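Close look at the chain arrangement
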Amino acid sequence: AECVSGCVCPEGLFDDGKGGCVEKKDCPCSHNNQWYSPGQKITVDCNTCTCQKGVWSCTEDLCYGTCMIYGSGHYITFDGKFYDFDGNCEYVATQDFCGDKNSSGSFSIITENVPCGTTGVTCSKAIKMFLGKTELKLENKDYKEIQRDIGDDVQYWNRTVGLYLVIEASNGVMLIWDKKTTVFIKLTPDYKGKVCGLCGNFDDKSNNDFTTRSGLQETNALKFGNSWKQSSMCPDVTEEIKPCDVKPHRKSWAEKECSIIRSEVFKICHSKVDPMPFYEACVHDACSCDSGGDCECFCSAVAAYAQECTKAQACVFWRTPDIC
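Only a predicted model underlies this, so the values are computations on that prediction, with no experimental measurement involved.

1. Side note on empty space enclosed by the protein
- Evaluated as defined, the whole model comprises 1 cavity of 30 Å³ or more.
- There is about 50 Å³ of room inside the largest cavity.
- Together, Asp-84, Phe-85, Asp-86, Leu-222, Val-237, Glu-239, Glu-240 and Ile-241 line the largest cavity.
- Tallied by class, residues from the lining of the largest cavity come to 4 nonpolar, no polar and 4 charged.

2. What about helix α5 (residues 276–288)?
- The terminal C-alpha atoms of α5, which comprises 13 residues, lie 18 Å apart, in line with the 18 Å expected from a rise of 1.5 Å per residue.
- Within α5, 10 of the 13 residues are buried, which leaves it mostly tucked inside the rest of the structure.
- Listing the buried residues of α5 in full gives Phe-278, Tyr-279, Ala-281, Cys-282, Val-283, His-284, Asp-285, Ala-286, Cys-287 and Ser-288.

3. Observations concerning the layout of surface pockets
- Roughly 870 Å³ of internal volume is contained in the largest pocket.
- Forming the walls of the largest pocket are 37 residues, and the residues nearest its centre are Asp-45, Thr-66, Glu-308, Lys-311 and Ala-312.
- Broken down by secondary-structure element, the contributors of at least two residues to the lining of the largest pocket are β5 (41–44), β8 (65–70), α5 and α6 (294–311).
- Of the residues that constitute the lining of the largest pocket, the class distribution is 17 nonpolar, 10 polar and 10 charged.

Here is what the cut-offs are and how they apply
Residues numbered from 1 in each chain as written. Predicted model: local features only at pLDDT ≥ 70, side-chain atom pairs only at ≥ 80, totals over all residues. Heavy atoms only, no water. 1 Å grid on protein atoms, 1.4 Å probe; cavity = no way out; pocket = protein on both sides within 12 Å on 5 of 7 lines; lining within 4 Å. Points joined across faces, edges and corners; volume = space filled by probe spheres on them. Nonpolar A, V, L, I, M, F, W, Y, C, P; charged D, E, K, R; others polar. Helix = DSSP H or I, 4+ residues; strand = E, 2+ residues; numbered from the N terminus. Expected span 1.5 Å × (residues − 1). Buried < 20%, exposed > 50% of the residue type's maximum accessible area, 1.4 Å probe, protein only.

Note that every value here comes from positions in space, so none of it alone points to a role or purpose.
Structure representation (structure tokens):
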């Protein structure tokens, strides 16, 4: 081989990636294009990883699963599948009444979707949460409790954290709502593989998340979504709505506003969470919300990406007096 100019570490020492040579025990670790010294710790989901001799050693706790529903019909399932479904009806977001094997469930969460804007896209307007015999309805920035005759007693607590209303139940279900169109549903690991609905089955595999109500595997988001509607009176969704094609004059404005997701502001997050699906969802929402609520749709879409960044340990301060 031809000679290459440059530095080489002496026998027994290793290149530390910063132009120095170190012993093996002092090798740094890399995570998302950043270097960490031996002994440094990072948090990945709910686990802590420690850098040891150039390799990460992590705790193996089971973590809460999170499903996110936001804006005009964007879903990220418990297993991380990102898809869009715009239906004007009530749908099962997630429940543990799935098939015969465990017909007795303890909870169900329903999202009621209504048109937002004139293009036909829909947003979540109200959430119904069934916990044993208690029904909670979250709507108009508030929630009310309705007691039913059947079911067990499931305790729950509510609190407000920043913008969000948090409802936490004794059966391991947590719901976080921004009082507008964003909902996070968190489940303890006990529910892995035991839930169904638009949020998928929480079995750590995203390729089987499109399981219909009848238990079939579907590849089409529309057929999958239609199977989870609560009332047979609602029409099926037959085509995906492209609001930027319907309102072309809004497209360049939407792209300009949403470019913040791909800009320097979020640079620290780009290597951790792919910005593209969030950018596309943002443009979709910014085109569609044309009957007031411009900011609400755009801000919710950017906040959704910011939330995923925070989960991946990349805190971004993106709100300013001019933006959201």
